[in-house]
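Architecture and fold: a report
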Amino acid sequence: MRLVATFVAAFALSVAVAATSFAADYSFRTIADGSDTLFLGQCPAINNLGAVAFAASEVDPETSDSEDKILRGSGGALTTIADESDGFTSISGNPSINDFGAVGFDANPAGPDAELIARGSGGPLTEIARAGNAQRFDSFTADVSLNNLGRVAFTGELNADGDEGLFEGSGGPVATRYLASTSDFAGSISPP
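Here the structure is a predicted model, which means the values were calculated and not measured.

With that settled, the discussion passes to the overall build of the protein chain. On a plain count of helices and strands, the protein chain comes out with one helix and 14 strands. For the protein chain, the residues scored as buried account for 36% of the 192 residues in total. Long-range pairs, those at least 24 residues apart, make up 35% of the contacts in the protein chain between residues at least 6 apart in sequence. Accessible area for the protein chain stands at about 11,000 Å²; split by element, carbon and sulfur atoms hold 55% of it.

Quick look at the structure:
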């Protein structure tokens, strides 16, 4: 009987503790509001400090021209990481943000090349990799992953033989982490 009473008391205590944990208050902070002139991207990224990076498109109400951007914010003024004035015709995909506020992203550069993966913090951008006819890569996925060391992981397809793989770079030589032709992976250019 004493064992049953102890079990019942322990069960009641665990239910009470669980009930109080569900009653916790939560607060939310608005990072950005979409509007008639600012359209927010689909998949924002958040770091461990609460900073959020996201794609957006800003429309000029007089001309209806739009400009793609990558923005970062944490509840105050937004920081522009990149926009089309940085030499892009469009900025696509979902960005990645590290704990230092650096943001990695995929964009379409002006000129002959098809895609560019870059990293930035609100100043000059660092080119990670480029895809195009005269480049090592034919194409990338639109999503990247950025770590706290500034290294950007991305998947892509090589120009030479169409092999697919996972690659990593920080602004210098790009390292191959695996190729579909020489690994157990089937070969997909899905996001890292």
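Scanning the model with the defined rule gives six aromatic pairs in all. Ring centres 5.2 Å apart and planes at 85 degrees place the aromatic pair phenylalanine 140 and phenylalanine 154 in the edge-to-face group. You can see phenylalanine 140 sitting in strand β10 (residues 137-140) and its partner phenylalanine 154 sitting in strand β12 (residues 152-158), a full 14 residues away along the chain. Residue classification places phenylalanine 140 among the buried residues on the basis of a relative accessible area of 6%. Through a chain of ring-to-ring contacts, the aromatic side chains of Phe137, Phe140, Phe154 and Phe167 assemble into a single cluster.

Once that is clear, we can look at the side chain of arginine 72. Looking at the secondary structure, you find arginine 72 in strand β4 (residues 66-73). Here arginine 72 is buried and forms no salt bridge, its nearest opposite-charge partner aspartate 99 lying at an N-O distance of 11 Å. Looking at arginine 72, its side chain comes within polar contact range of the main-chain oxygen of glycine 101, at 2.6 Å. Apart from residues no more than four positions distant in its own chain, arginine 72 is found in contact with Val52, Ala53, Ala77, Leu78, Thr79, Ile81, Ile97, Gly101 and Ser121.

What follows covers the pattern of salt bridges. Tallied over the full model, the rule gives five salt bridges. We note a salt bridge from glutamate 127 to arginine 130, for which the minimum N-O separation is 3.0 Å. Bridged by salt links that share partners, the residues Asp113, Glu127 and Arg130 form one connected network.

Procedures and definitions
Residues numbered from 1 in each chain as written. Predicted model: local features only at pLDDT ≥ 70, side-chain atom pairs only at ≥ 80, totals over all residues. Heavy atoms only, no water. Helix = DSSP H or I, 4+ residues; strand = E, 2+ residues; numbered from the N terminus. Buried < 20%, exposed > 50% of the residue type's maximum accessible area, 1.4 Å probe, protein only. Contact = heavy atoms within 4.5 Å. Areas by Shrake-Rupley, 256 points an atom, 1.4 Å probe, with all protein chains shown as cover. Phe/Tyr/Trp six-rings, centres within 6.5 Å; stacked < 30°, edge-to-face > 60°. Lys, Arg positive; Asp, Glu negative; His and termini not counted. Salt bridge = Lys/Arg side-chain N within 4 Å of Asp/Glu carboxyl O. Polar contact = N/O pair within 3.5 Å; in protein donor to acceptor, adjacent residues only side chain to side chain.

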